[in-house]
Amino acid sequence: MEFNQKNTTKVAWLYGFIVGLSNLIGSVIPSSFTTPELQTLAMSGWTEYIESNTTIIIIVSSFCYIIPMLLCFLYYSVSIRKNLKKRFINMPIAYASLSMSGWIYYFLAEVVTLIIAGKHFNVPVKYILMTSLMYVTLECLFSFTLGFFIMETLHRRVFLPKFFPEGKISETPGLIKPSNRFLFTVFYISVSVFPICFIWFAYINLLHKHSEFADKTVLLYFIIILILDIVILIIFTHYYSTPLQKLQEGTERVKKGDYTGHVSIVSNDSFGELADTFNDMISSIDLNNKKLIAVQNSILTGMATMVESRDNSTGGHIKRTSDCVRIFVEFLRNQKGYENLSDAFCTNVIKAAPMHDLGKIAVPDAILQKPGKFTDEEYEKMKQHSAEGARIVGEVLKEADDEDFKKIAINVAHYHHEKWNGTGYPEKLSGEEIPFEARIMALADVFDALVSKRCYKESFSFDKAFEIIKESSGTHFDPSLAQKFLLCRDRLEDLYLRF
């Protein structure tokens, strides 16, 4: 069914009829609870007044049904000109709320009528107002709950699925979204609190006729029952609202890419079954996601290993620098000023380390395997490997869900040759312009180059290597990181002695 003015007008008329029917039923049902005592208890004057003004009373009372329908018509007329979709989706709660306007009018009209009648007839104004207020309150509750229940059911089962077969209506601006707590409370009132109130009202009427009913014990029993009823309402509300809230929060986590948090609902009902199914689903998604990430990492690591196999001078460089980064990061996060480094960040930097020289795949063998010093032209081509590496990493991880890892991996590949004083490459960044993860990688990369044997140089001693790191603090390296790097010397020496 197409969503247009013609089709929605039919629904609007149908809902208007439901509003009128709900008000009619709300006015008929209370009369069945009226006790004989109510008809005879100090009501003769009021009855006489009504009988003498029957026509006027009927005309005034008819507006109890006319006013809600006019307001509903006005609501829909405005929606035709503006925000039709929003107002149509909100129609059940809007119409149900407007249905109560008739009873509010009725009570105000009765107040005016009683004031007039009290001047000419013996009318118990206080008693009639008390009973009328009780009736109007109950009629409002009943009309609202009955009308809302019928319209909301039709809306959910018939009209919304037909007009919006693809769903996606929850993001429509300006929607009134009744919570599950509200929905349950509305329906609970209609089947529990509503009849209890009628029983109470009947009891009040009997008190005026039979004094023996004024036993305080009876009143106490009723209060206990009412309190128990409210407690049951609160408990039942939590039965519905709490599980649904947990499922909604779990869905939001999945939406953000977090597949690790399970929904904790343990119950022998549909909610428990739904939670188990949900948890199985996110476990499956998490497993598949980890497999995908493992494949992506294997591709990148494999490519890096392939590049290393072409470079005879850096055998084992990937393994050594990765372990060096791991040791440094684990040491760093326990140092003052770096306690806020998250587990995710540390894990991502360690995972990204093997990819830092991936761009060398685009460097010709003649340059990559050259034993001597590069010419200026060769050096310029070699420097292109950082930007090329960032491009390759970005392409391989293009469809990855973990945006944080993707960003860190690209930064490590792209900027690990930048220098603190701005003389590095490829962008000549300086200071904190250089991404933090790239500053960490720079230390590990240079340290490995210093203590490892290359075809163009012998390995330096640990003393010499750490001396160079210290001297380059503030020029090549972040001075704070360089200082911390020097503090984990023992761990790094142990690592390289094992190699």
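Source: prediction; values computed, not measured.

What counts as what
- Residues numbered from 1 in each chain as written.
- Predicted model: local features only at pLDDT ≥ 70, side-chain atom pairs only at ≥ 80, totals over all residues.
- Heavy atoms only, no water.
- Axes fitted to C-alpha atoms, helices over the stretch in contact; angles between N-to-C directions.
- Helix = DSSP H or I, 4+ residues; strand = E, 2+ residues; numbered from the N terminus.
- Parallel < 35°, antiparallel > 145°, perpendicular 65-115°, else oblique.
- Left-handed = near helix turned anticlockwise from the far one by under 90°.
- Contact = heavy atoms within 4.5 Å.
- Salt bridge = Lys/Arg side-chain N within 4 Å of Asp/Glu carboxyl O.
- Buried < 20%, exposed > 50% of the residue type's maximum accessible area, 1.4 Å probe, protein only.
- Phe/Tyr/Trp six-rings, centres within 6.5 Å; stacked < 30°, edge-to-face > 60°.

Trainee: Would you take a moment to explain the packing of helix α17 (residues 436-451) against helix α19 (residues 479-487) for this structure?
Mentor: How two helices pack is summed up by the angle between their axes together with the distance between the axes. It is at 10 Å that the axes of α17 and α19 come closest, and there the two elements cross at 45°. When the interaxial angle is binned, α17 and α19 end up oblique. In this structure, α17 crosses over α19, and the sense of that crossing is right-handed. Contact with α17, carried on its side by F436, R439, I440, L443, A444 and F447, involves L481, A482 and F485 of α19 and no other residues of that element.

Trainee: Help me understand the pattern of salt bridges, please; the structure alone is not making it clear to me.
Mentor: Should the charged atoms of two oppositely charged side chains come close, the side chains can pair. This model, assessed by the stated rule, comprises 15 salt bridges. We note a salt bridge from K319 to D323, for which the minimum N-O separation is 3.3 Å. Of this pair, K319 and D323 both sit in helix α12 (residues 317-332), four residues apart, which is roughly one turn of the helix. E388 is paired through a salt bridge with R391; the nearest N and O atoms lie 2.6 Å apart. A residue pair is termed a helical-turn pair when its members lie 3 or 4 positions apart in one helix, as E388 and R391 do in helix α15 (residues 376-396) at three residues. Overall, E388 belongs to the partly exposed group, its relative accessible area being 22%. Here the salt bridges do not stand alone but share partners, grouping K319, D323, R326 and E330 into one network.

Trainee: Would you mind going over the packing of aromatic side chains with me for this structure?
Mentor: To describe a pair of aromatic rings, you give the distance between the ring centres and the angle between the ring planes. Scanning all chains against the criterion turns up 17 aromatic pairs. Summarising the aromatic geometry, the rings of Y15 and Y95 are spaced 6.5 Å apart at their centres and angled 75° between planes, so their arrangement reads as edge-to-face. Pair noted here: Y15 is in helix α1 (residues 5-32) and Y95 is in helix α6 (residues 91-99), with a separation of 80 residues, a long-range link. The pair formed by Y15 and Y95 is uniform in burial state, with each residue classed as buried.

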